[in-house]
Amino acid sequence: MQTEEAREVRTTCPYCGVGCGVLAGVAADGEITVRGDPDHPANFGRLCSKGSALAETLDLGDRLLYPEIHGRRAGWNEALDLVATKFSQAIAEHGPDSVAFYVSGQLLTEDYYVANKLMKGFVGSANIDTNSRLCMASSVAGHRRAFGSDTVPGTYEDLELADLIVLVGSNLAWCHPVLYQRIVAAREKRPGMKIVVIDPRRTMTADFADLHLAIAPDGDTALFTGLLAYLADGERLNRDYISRHTNGFEEALSAAVALDLAAVSDRTGISEETLARFYSLFANTQRLVTVYSQGVNQSASSTDKVNAIINCHLATGRIGRPGMGPFSVTGQPNAMGGREVGGLANMLAAHMEIENPQHRDRVQRFWKSPAIAERPGLKAVDMFRAVADGRIKALWIMATNPADSMPDADAVEAALRACPFVVVSDIAANTDTIRHAHVKLPATGWGEKDGTVTNSERRISRQRAFLPPPGEARPDWWAMAEVAKRMGFAEAFSYDAPSEIFAEHAALSAFENGGERDFDIGVYAAVDGDGYEALAPFQWPAPAGGTTPLWPAGHPLEGEMAGRPEGGGFRFFADGNFFTPDRKARFVAVTPPEQRAINNNFPLTLNTGRVRDHWHTMTRTGKSQRLSQHLAEPFAEIHPSDARQYGISDADILRISTAHGEVLLRALVTPRQQHGSIFVPMHWTDQFAAKARVDALVAPVTDPVSGQPASKNAPARMERFGAHAFGFAVLAERPTAIDADYWALARCAGGWRVELALEVDRDWTGFAATLFGHVETGETLAYHDTANGQHRFARFFGERLIGALYLAREPVAVSRGWAVEQLSATHADRRMRLAVVAGRPGGNQADRGATVCSCFGVGANQIAQAVQGGCASVEAIGAALQAGTNCGSCRAEIKGIIDARRLQAAE
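Residues numbered from 1 in each chain as written. Predicted model: local features only at pLDDT ≥ 70, side-chain atom pairs only at ≥ 80, totals over all residues. Heavy atoms only, no water.

**Let's talk about the pattern of salt bridges**
What the rule picks out here adds up to 64 salt bridges. Across the pair lysine 440 and glutamate 68 runs a salt bridge whose closest N-O atoms are separated by 3.6 Å. Separated by 372 residues along the polypeptide, lysine 440 in strand S16 (residues 439-442) and glutamate 68 in strand S4 (residues 68-69) bring together distant segments of the chain. For lysine 440, a relative accessible area of 14% gives the class buried. (Salt bridge = Lys/Arg side-chain N within 4 Å of Asp/Glu carboxyl O. Helix = DSSP H or I, 4+ residues; strand = E, 2+ residues; numbered from the N terminus. Buried < 20%, exposed > 50% of the residue type's maximum accessible area, 1.4 Å probe, protein only.)

Have a look at this one:
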């Protein structure tokens, strides 16, 4: 039945900082489809696997649909009254620093702006910090030390114009796949382009690199400090640029000269021969971009790492020109927008400085606020310490899940339990954080939100609503403005629409600016609702009075609002003009740190990060069955030599522990991992696994300048978990209880899949009944081989499979992809049902194998069969199966299957 006219809405992806444009289609029957926007300058139509699956994450299962107070349903007025009262009481009794906001790069800029304005300008405290502190704070600090401002100098176009791309601590193929595919496409056009990957692990990105430097953890400062000395020794410096546009070079060089190749090799674990090759490439390639991400930022010495990289670009003058510059790629869709409005505890709005009295006065006058925060507030780790020790009495958490993502996460969760008043605004009804909230506020999510985000190249794009808010969900900016009104600040927060907030944000960016600050979008200070609705992606700066067209040539909206600045391709600092008092950049003298000490109790190094198809704590991607099939459970990558030393086999369950906690994970033995190191993804929570919150293991150690936690180099130990039984199950309904030491849930087509491990035997018939939900009708088939510890159960209702469970003494060898498909199949005869009990296809049924390409659901067996049939390249596989032709993040795995088949054939 038709409910409305079909339409397509231009919006922006809510995942990483690439900021891809999305066309969201709403069919007449309400069905949602998504595709990449071919006219958006960030992605030109490409989407990664996560972006491609956005339509699969919009269901209302597990949505928070109405406010709750102490677990009971409440109205918005009651909830907001209580929030305003509790915050006002805490401020009156204990001062403004007794309250705090912890916000998120998932917020839109308009949400972020209202939060920052309320806390810093009206509460009068800077106790507002963001989960961007966990991923980008050190880039901010490094930029401010070197440039005098948090300025990203270059653009995405530079990645295509460079002759050398150096990727430092960035698995771009998995974490920013659309950017990586732009680089790959550029190299196909210009085969002379070189790619260097600097990463302890041989990631999928490294498989397409010309050179991989398997650096020791936290060796980056030594690597780039040594590079500065190499450049000076080889007379590869741009002395003119250094002289005219910088200060502090001699001090930085003095700190570097002690690091010759031998010393750098000792500190980095990279051979002198490989170092010399990399240094020579860097020294002799003029058009060069250094891209860095979490491997640099998440360290106890991360700001020095950032400045060591920037030093090398300043010393060669390779900054701000086409194909040249240091480039920080952000992790979240609006980490940059949060930085623009001062969302970090040590910043003011519009890139102004909280330490600067003139800036404070300027912002206070613009806001007409009764107070202004006079000093930096508590950064994330210190904020939760203050919650724990009682200094913070009221905390409002928005669009983030710190019980999982913060270091020492168990201590953070304990602090939330003990806090007198916790408010959580979220879209999800069940997270590890929201379970501790006294007040839960239902927020709008992607598809319902209306506002702007800023990507890694300073490009501001609109997120537009194409769905109505479900239940009683409301925008975050609205909830904060309503609380502000109840606290007595109605005049300053009387917004009726996000366009009004954006216009105010733009006006503040231009207020008494005069070129003093980098961030200026003053041309939009008078934007109205229609102009805001029509706003196309633009790159700042966009000062009032500019004459550049707003939209690039060929854009569907070209010609509208002509004369407004687009700023596309704008680069900073080619001719100096930095944002320091003397307009010169500052070299920073850095000294490589001592390596964080492993010891006899914790002899291994734990590194945390992301996987290809999941995002943060899976509140969104966990809803998509295809995103959960590539890597369906938490795992730990370990090197084969470590596996042998610790008596671990592939697919065993590991217990990994640090001084702060322990987790249980599946072992993935691979030579991609360094000897002595463990890699664990950060996505799994108590909602999806028994004991896999890996940030509970990470110490709350932070960089002394940025306050960013060190999530990449934690001393750890591991041991084999003595499982007596392993299991695998497919279930039509999510189980209400899983009585197992180890379990991991993932959504799949037709239901759920579950991995299991148990230390002792159980009553397996009763265990299966509990897992299946005690369905009293239907038929259960079972197979038992007690001597060998094998048990299998399948429960049917009519022709439908309710659940199947496979148990064995070793990791279960059932065909998982095939078993999942049985949840959607009909089982009309006993032969088909017995095949389910056996756990393998019968007759002509095919097993696709483990999912490799999530975009098109292509399995490893299908790719292997295509290789056997004559497909000898990644491109040929793409032509035959489509695998690797969308986001491209599976291309390295496809290549691995091709290479493995070639080796088998050669033998």
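The rest of the description comes next.
**Remarks on the sheet that holds strand S15 (residues 421-426)**
The strand order S5-S4-S16-S15-S14-S6-S7 describes an open sheet built from seven strands, whose pairing is mixed. Each end of this open sheet is capped by a strand with a single partner; those strands are strand S5 (72-73) and strand S7 (128-130). Both S4 and S16 contribute to a ladder of two bridges, which runs antiparallel. Each residue of the ladder has a partner; that of isoleucine 69, found in S16, is valine 439. (Pairing = 2+ DSSP bridges.)

**Digging into the pairing of strand S29 (residues 751-758)**
Counting buried positions over the eight residues of S29 gives eight, a clear majority of the element. The loop that links strand S28 (residues 742-748) with its antiparallel partner S29 comprises two residues; one of these, glycine 750, has a positive phi angle of about 90°.

**A few points about the nonpolar core**
Membership of the largest hydrophobic core comes to 119 residues, with the highest contact counts inside it found for Leu223, Phe278 and Trp396. Ranked by residues supplied to this core, first place goes to helix H3 (residues 109-123) with eight residues. (Core = buried A, V, L, I, M, F, W, Y, C linked by side-chain atoms within 4.5 Å.)

**Quick word on the packing of helix H2 (residues 76-94) against helix H20 (residues 476-486)**
At a minimum axis distance of 9 Å, the contact between H2 and H20 shows a crossing angle of 60°. The orientation of H2 relative to H20 falls into the category oblique. Where H2 crosses over H20, the two elements pack in a sense that is right-handed. On H20, the residues touching Trp76, Asn77, Leu80, Asp81, Val83 and Ala84 of H2 are Trp478, Ala479, Glu482, Val483 and Arg486. Residue composition of the contact of H2 with H20, grouped by class: seven nonpolar, one polar and three charged. (Axes fitted to C-alpha atoms, helices over the stretch in contact; angles between N-to-C directions. Parallel < 35°, antiparallel > 145°, perpendicular 65-115°, else oblique. Left-handed = near helix turned anticlockwise from the far one by under 90°. Contact = heavy atoms within 4.5 Å. Nonpolar A, V, L, I, M, F, W, Y, C, P; charged D, E, K, R; others polar.)

**Remarks on the side chain of aspartate 218**
Along the chain, the position of aspartate 218 falls in the loop between strand S10 (211-213) and helix H8 (220-233). A distance of 3.1 Å separates polar atoms of two side chains, one belonging to aspartate 218 and the other to asparagine 713. With residues near it in sequence (within four places) discarded, aspartate 218 still touches Ser299, Lys305, Gln595 and Asn713. (Polar contact = N/O pair within 3.5 Å; in protein donor to acceptor, adjacent residues only side chain to side chain.)

**Here's the deal with helix H4 (residues 137-147)**
Most of H4 sits out of view: 10 of its 11 residues are buried. Taken together, the buried positions of H4 are occupied by Ala137, Ser138, Ser139, Val140, Ala141, Gly142, His143, Arg144, Ala146 and Phe147. Of the surrounding secondary structure, the elements contacted by the buried residues of H4 are strand S12 (288-292), helix H13 (294-297), helix H14 (302-316), strand S13 (325-328), helix H15 (335-340) and strand S20 (585-586). Positive phi shows up at glycine 148, right after H4, with a value of about 80°.

**Considerations on the sheet that holds strand S21 (residues 604-609)**
Judged by pairing direction, the barrel is mixed, and its six strands sit side by side in the order S21-S25-S22-S24-S23-S26 before closing back on the first. The average undirected angle you get between the axes of adjacent strands in this sheet is 45°. Bridge analysis of strand S23 (residues 653-658) against strand S26 (residues 714-720) gives four bridges, and the strand direction is antiparallel. Each residue of the ladder has a partner; that of isoleucine 656, found in S26, is methionine 718.

**Here's the deal with the packing of H8 against helix H10 (residues 249-256)**
Think of two packed helices as two axes; the pair is described by the angle between the axes and how far apart they sit. Relative orientation of the contacting elements H8 and H10 amounts to 110°, with a least axis distance of 8 Å. With respect to H10, the element H8 is oriented roughly perpendicular. Only Phe249, Ala252, Leu253, Ala255 and Ala256 of H10 make contact with H8, whose side of the interface consists of Thr225, Leu228, Ala229 and Ala232. A class-by-class count of the residues in the contact of H8 with H10 yields eight nonpolar, one polar and no charged.

Limitation: the analysis is restricted to geometry and does not speak to function.
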